[in-house]
Structure formats: C-alpha cells, structure tokens
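Spelled out, the chains give:
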Amino acid sequence: MPPRKRKLDEMIADGKKQKSKPAQPQKETKGSNVEYCHWLMKSEPDSRLEKGIDVKFGIEDLKTCPDQTACWDGVRNYQARNFMRDQMKLGHKVFFYHSNTKEPGIVAICEVVKESYVDHTQFDSKDPHYDETSKKDNPRWYMVDVKYKRMLKRFVPLSQLKQLHIKHKETGGPLKNIALFTKARLSVQPVTQDEWDYILSLEDEG
DNA sequence: GCCAACGTTGGC
DNA sequence: GCCAACGTTGGC
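First things first, this report covers the structure right here in the doc. (Residues numbered from 1 in each chain as written. Chains lettered and ligands numbered in written order. Predicted model: local features only at pLDDT ≥ 70, side-chain atom pairs only at ≥ 80, totals over all residues. Heavy atoms only, no water.)

## Thoughts on the overall build of chain A
Looking only at helices and strands, one finds six helices and eight strands in chain A. Element order for chain A, N to C, with α for helix and β for strand: α-β-β-β-α-β-α-β-β-β-α-α-β-α. Taking the contacts inside chain A whose residues are at least 6 apart along the sequence as the reference set, 69% of them involve residues at least 24 apart. About 12100 Å² of surface is accessible on chain A, with carbon and sulfur atoms providing 52% of the total. (Helix = DSSP H or I, 4+ residues; strand = E, 2+ residues; numbered from the N terminus. Contact = heavy atoms within 4.5 Å. Areas by Shrake-Rupley, 256 points an atom, 1.4 Å probe, with all protein chains shown as cover.)

Below is the structure:
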C-alpha cells in the first residue's frame, strides 16, 4: 500500500523537503540546513477573552505553575506547531516574550523540559482553541513543556529590538533577519545563536 | 480601537 | 492552482 497522502495544508506548512531528522546535538551550520536550539515564544500577559475564556498567561503566571513549568497549549498555526513538534528538544533555551501588551518585549528565559506531545486542548469543546476537525486517532496539534529559568536582568523592549533590526539591515549586524520582524506573526519562532548572544548582551547595557 | 500584514478557506 | 474574501495577530 502506498503511503497515505497528507493533507495539503500540512504539506505546505511542513515544507516539501522536510525529512525526519535524527535527534542529535543541534548545531547551526552555514548556509541552508540550520537546526535551531534557541527559540522565542509569545504569550499575552494581559487579560483578554477568547470565547469567554481568559487567555492571559504572562511570565508571572508561569512562575506560579507547579514546578514553574507549563505546557504550551493552544498553538494553532502549522509553522509554529512544526517547530514545537519537530525541532524543539530538551534543554533548548527559550525567550519568553510578552505580546499584545502596552510594552511588548522579552522578559525572561525558559527551557524546554518536555518534547512534543499531543495538545489535549484540541479535543476539549470548552477550550478556546478547540479544533473539532482534529481526530483523536490522528491529532493535529502538538505542544512542548517549558520551564521558567530566570528573568532577564533588564527588560528588552520590542521597540529597541526593532531599532536594532533596522540598523542591522544596513550594517549586516546580528539582528538583520530576526524572525520577530521577518515572520512577525509566528508565535513560536527560531532564534539563531548569534541573535541569542546579541540579545543577551543587551541585558548588561545601561 | 484601528488596521496592516498575513495565514486560511473555498469557489472556480 | 489561483486568488478573493475572510479571519487573526499584534503593534500602535
């Protein structure tokens, strides 16, 4: 029997040449085949109702979770899902980003403490991210667990990152292609080693 | 609250 | 497979 064809949307979102890669030490290589080991994940620190349910989840909410760990449920975008499902591995570092708030920006560092598993909220009709088209024998959405590590010494606002991004496009600096602006609407984004190091260096600025 | 950018859906 | 309409994201 031929392999079952996957749905078109998933093919597109996955990219056609995405072969399953062995889970091995992540390394950034020059050129095409980049494997990431740093990430940025967006979450909303302010209350907002979605289907009558508050989706607020800021860094202070993560800190109060058991073991300061939360499952990253509710992602309903294929690209973001694929990063979580296929590429986010134990020990990977994550910038925790506050979005849709007065002062958007990076607030903290987290770590992946559980690799991808089925997002249970897709089957929960009361959940704001319920997906009635997803079947239990073939789940569509996956998540990882993320654990709080530490606050940044200094909040790094989106406005500063944007200034630097614009400047670096001219100068060829490390933030010239940062996904925060080149793939602005992705809620789970890869961060290169250079981007990570550069943003961390901003912590120590006056 | 506005709305630009962009992802998704569905008719053809 | 195109593309218009529609819905969502998220900065401002």
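## Focus: helix α3 (residues 78–87)
Buried residues dominate α3, accounting for seven of its ten residues. Looking only at α3, the buried set comprises Tyr78, Ala80, Arg81, Asn82, Phe83, Met84 and Gln87. (Buried < 20%, exposed > 50% of the residue type's maximum accessible area, 1.4 Å probe, protein only.)

## Some remarks on the protein's contact with DNA strand B
Close to DNA strand B lie Asn77, Tyr78 and Arg185, which account for all nearby residues. A share of 46% is what sugar and phosphate atoms reach among the atoms of DNA strand B within 4 Å of the protein. (Near = heavy atom within 4 Å.)

## Here's the deal with the packing of aromatic side chains
In this structure the tally under the stated criterion is five aromatic pairs. Note on Phe95 and Trp196: the rings are 3.8 Å apart at their centroids and 15° apart in plane angle, and the pair reads as stacked. In this pair, Phe95 is assigned in strand β5 (residues 93–98) and Trp196 in helix α6 (residues 193–202), connecting sequence segments 101 residues apart. The exposure class of Phe95 is buried, given its relative accessible area of 0%. Between the NZ or CZ atom of Lys114 and the centre of the ring of Tyr117, over which it lies, the distance is 3.9 Å. (Phe/Tyr/Trp six-rings, centres within 6.5 Å; stacked < 30°, edge-to-face > 60°. Lys NZ or Arg CZ within 6 Å of the ring centre and 35° of its normal.)

Read these as spatial facts, not as claims about activity.
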